[in-house]
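Secondary and tertiary structure notes
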There are 2 protein chains.
Amino acid sequence: MMRRLDWNQLDEQNRAAALRRAPATVDPQIRRQVSAMIDTVRAGGDTALREATRRLDGIELTSIYLTKNDLAAAASRLPAGTRSAMDAAYATIQRFHAATTPAGQEIETSPGVTCSVRYVGIDTVGLYVPGGQTPLPSTALMLGVPAQLAGCRQRVLCSPPAADGRVDPAIAYAAELCEIFSVCLIGGAQAIAAMAFGTDSVPRCDKIFGPGSVWVTEAKRQVAALDQAVTIDMPAGPSEVMVIADAMASPEFVASDLLAQAEHGPDSQSILVTDNSALAEAVGNYIYKQITQLSRQENIRSSLKHSAAIVVADLNQAVEVSNRYAPEHLIIQTENANELAAGITAAGSVFLGQWTPEVLGDYCSGTNHVLPTSGYARSVNGLSVADFMKRITMQRATASGLQQLATTAAALAEWEGLTAHRWAITTRQKALEQLTR
Amino acid sequence: MMRRLDWNQLDEQNRAAALRRAPATVDPQIRRQVSAMIDTVRAGGDTALREATRRLDGIELTSIYLTKNDLAAAASRLPAGTRSAMDAAYATIQRFHAATTPAGQEIETSPGVTCSVRYVGIDTVGLYVPGGQTPLPSTALMLGVPAQLAGCRQRVLCSPPAADGRVDPAIAYAAELCEIFSVCLIGGAQAIAAMAFGTDSVPRCDKIFGPGSVWVTEAKRQVAALDQAVTIDMPAGPSEVMVIADAMASPEFVASDLLAQAEHGPDSQSILVTDNSALAEAVGNYIYKQITQLSRQENIRSSLKHSAAIVVADLNQAVEVSNRYAPEHLIIQTENANELAAGITAAGSVFLGQWTPEVLGDYCSGTNHVLPTSGYARSVNGLSVADFMKRITMQRATASGLQQLATTAAALAEWEGLTAHRWAITTRQKALEQLTR
């Protein structure tokens, strides 16, 4: 069901093939549909949103925008068990994100020259919470908590209506917890377009966050390329996990982690890297045994086709393979997990030891689950509070502070042939000479 | 020469017009030329780079890649005064960036669950240093210093050859200071393509940084959109400054700051916002008087056409106008500059008081001069060491740590209809029950 490969038997071409992701190229027809949807929403506003929701979701919206009462009513439908789970998840996510919120600084870089960094929440942020197959209130928390901590003045949440045309109770509750007061029942490319341009119901957003379908991702890419100064969190592709495991790992745990990833979608990728071929075989058997018990077998079967179990010579080679792949999620189930983790140079989030399933990070370990996929972990971070803020630098020089650096600035302006730059310095030097005369 | 506008006499449409930037839409012909160049370099490697340099720069390169000896020889041609200026600038930039380098953290988010953040330098970074009209060694420092502090293993610098076919001595010296050992004499879209795909001389880069011409900027946009997991620092547009000044400001200083910005290019924008119309007039006179003394008059005259002096009712309104514009550079030359700065919510870098010309930040106050333009300061940061690093989150749960959060994770997996996610938890719960039995 899952390919088994011996890394040291593979030539370079086959190694590349073993780690290849599903191609991220978007069907040209989807590009055109998304582009047309963006134009339609830009021109038609709320009317276009209603029409798109009627046509694509089969739902006639009474109101796009949910009032506080609507949200409270929806949240009250949430069963007590799920509500406490949301509370517990909110608490750990809040704790981790609060502790890692960046703080301002002030540094004297040269006598009389004080430079500082100040962090300010982005004014209006758009949080996209996918609906599609099922509601994802965990994503609402992963976007809503850092936006709340960043102090973004206006937090907008868009998510498609459930099949009954209403908002999912857990998403409504997440909005309450994160004090999100602009919740709009819109999904897909139309939601992204609405947040990029604004409509009567949906505020125009400075930055748009969140995962989504291929339509959502393509719409985010397209609005970010427009001349609107709207930005997005990160490029997104199908979800993926790599598991490094040794002979000490439980094959059942490893199988469960690979399957949890595979159920996300038909393009998800789960790769096991192990120095123990007996483990690879045992994991394969558990997958085979367990799969029939699960609800999303089509996703899983399709996903496992581009997944693999790779046998390496030793665990150092496993780390090399992982750094080359740069996984969104990396699970290390080995005896010396912490030691191996020190060698990891590219991964979204790392899960250490047998009692830290990746699913814990999806919901409630506290770290963010919006992470770079498709190899972007080589240069892109998972979400944090900093992504919901702007970092403004400031500087102030005293007269003598300027005097001390004036020769430096003037010499460099001269070398760069910028005479007006030089004048901005010399006009002040002259004034200071007159002052001190 | 510079429009003078009264903000409170303008209707909404004219206010928008007063703050409009030069349109950022790229000529379709440039898009096609850049796309063709990317394909050519991808297919032709070094041969294509030589051919492009011959055709576009009129230079026959003996070697694309400069050896350590080449760099040392070039740096030795640098006059002593410029060399000490480079040393002084390096020192302040290094001090500021070192002090603001992010540090790892560890947080216990729930009993037995430890989450951490680790920062790792991006493996291979590409630093583009524009040449064009004149060499910009200051940009080499602004990219090289944070890359060095981040510990990026491989730092690649591309810059076009000077008219004599050689590397600029100050850029060579900057490379030495920042320990950049891969310096390539390539400019324009061809340099960006080379860093995105790699050639025999130019290493393939994970992330590409730096400002540049419209060709460079468009090339960065295009390579970032390809399915290569190559990223770029930020979208870039023409440089811009806003100056907030009151009656206490020196009109000569203000004029020099506006002109310094204007000389960057014909699309640069300089906007004065003041509560004092006499100051606006005096500044206009100084500009008129000074301009003939300067070397880049064509840039300045063209730039001043889309610049303006805006008269506001009071300084609070000036802050409002500034936050709406979201300038790359903001200079505040008022009596209460620090107080006004507290109200600034969107700007790249802020310069406070009359002795802090923006030019100081271009060279040596210590802050980075690669900043968001075109209104992107609403959601994008200027460069810092963090941009040259990846932020990896890690987590480890003990058996009891997992037990405490298991109900939460399982309840949310259930709500989201993800049975394989749920199994990753329950299989471990069962194992723990057996262990404790």
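Just above sits the structure.
This text gives an overview of the structure that appears in the document. The model shown is predicted, which means the values in this text are computed figures rather than measured ones. (Residues numbered from 1 in each chain as written. Chains lettered and ligands numbered in written order. Predicted model: local features only at pLDDT ≥ 70, side-chain atom pairs only at ≥ 80, totals over all residues. Heavy atoms only, no water.)

With that out of the way, let us pick up unusual backbone geometry. Positive phi, close to 50°, is recorded for Glu179(B), a residue that is not glycine. Residue position: Glu179(B) is located in the loop between α6 (169-177) and β7 (182-184). (Helix = DSSP H or I, 4+ residues; strand = E, 2+ residues; numbered from the N terminus.)

Looking now at the relation of the copies chain A and chain B. Overlaying chain A on chain B yields an RMSD of 0.0 Å, the required transformation being a rotation through 180° with an accompanying axial translation of 0.0 Å. Here the transformation between the copies is reduced to the relation of a two-fold axis. Among all residues of chain A, the minimum C-alpha distance to the rotation axis is found for Pro102(A), at 4.4 Å. Of the residues that chain A buries at the interface, 100% are likewise interface residues in chain B, meaning the two copies contact each other through the same surface. (Least-squares fit on C-alpha atoms with pLDDT ≥ 70 in both. Contact = heavy atoms within 4.5 Å.)

Of the two faces of strand β14 (residues 349-352) of chain A, the one carrying Ser349(A) and Phe351(A) and the one carrying Val350(A) and Leu352(A) are both buried. As judged from the 4 bridges shared by strand β13 (residues 329-333) of chain A and β14(A), these two strands associate in the parallel manner. Residue pairing for β14(A): Ile332(A) is matched across the bridge by Leu352(A). Here β14(A) runs beside strand β15 (residues 389-397) of chain B; their pairing, made up of 4 bridges, is parallel. Along β15(B), the bridge assignment pairs Leu352(A) with Arg396(B). (Buried < 20%, exposed > 50% of the residue type's maximum accessible area, 1.4 Å probe, protein only. Pairing = 2+ DSSP bridges.)

This part is about the pattern of salt bridges. Residues and elements named next belong to chain B. Inspection of the entire model under this criterion finds 28 salt bridges over all chains. Taking the shortest distance from any N to any O, the salt bridge between Arg54 and Glu51 comes out at 3.2 Å. Taken together, the residues span about one helical turn, with Arg54 and Glu51 both in helix α2 (residues 28-57) at a distance of 3 residues. In this structure, Glu414 engages Arg422 in a salt bridge whose closest nitrogen and oxygen atoms are separated by 2.2 Å. (Salt bridge = Lys/Arg side-chain N within 4 Å of Asp/Glu carboxyl O.)

Our focus in this paragraph is the packing of aromatic side chains. Residue and element names in this part refer to chain B. Inspection of every chain in the model, using the stated rule, returns 4 aromatic pairs over all chains. Seen from their ring centres, Phe209 and Phe388 are 3.9 Å apart, and the 10° between their planes marks the pair as stacked. Residue Phe209 is located in strand β8 (residues 207-209), and its partner Phe388 is located in the loop between α14 (358-363) and β15; the two are separated by 179 residues in the primary sequence. In this pair, the class of Phe209 matches that of Phe388, namely buried. (Phe/Tyr/Trp six-rings, centres within 6.5 Å; stacked < 30°, edge-to-face > 60°.)

As a further point, take the interface of chain A and chain B. In this assembly, 129 residues from chain A lie in contact with 129 residues from chain B. Contact between chain A and chain B buries roughly 10700 Å² in total, counting both sides, with carbon and sulfur atoms accounting for 61%. Looking only at chain A, the three residues that lose the most surface to chain B are Trp355(A), Trp415(A) and Trp423(A), adding up to 8% of its buried area. Here chain A and chain B share 2 salt bridges between them. Between Asp257(B) and Arg428(A) there is a salt bridge, and its shortest N-O distance comes to 2.8 Å. The interface formed by chain A and chain B contains 66 residue pairs in polar contact (both at pLDDT 80 or more). Top contributing element to the side of chain A that touches chain B by residue count: helix α16 (residues 419-436) of chain A, with 11 residues. (Buried area = accessible area lost by both parts, 1.4 Å probe. Polar contact = N/O pair within 3.5 Å; in protein donor to acceptor, adjacent residues only side chain to side chain.)

Moving on: the packing of helix α5 (residues 137-150) of chain A against helix α6 (residues 169-177) of chain A. Residues and elements named next belong to chain A. Between α5 and α6, whose axes approach to 9 Å, the crossing angle comes to 10°. Judged by the angle between their axes, α5 and α6 are roughly parallel. Note on element contacts: α6 touches α5 through Ala170, Ile171, Ala174 and Leu177, opposite Pro137, Ala140, Leu141 and Gln148. (Axes fitted to C-alpha atoms, helices over the stretch in contact; angles between N-to-C directions. Parallel < 35°, antiparallel > 145°, perpendicular 65-115°, else oblique.)

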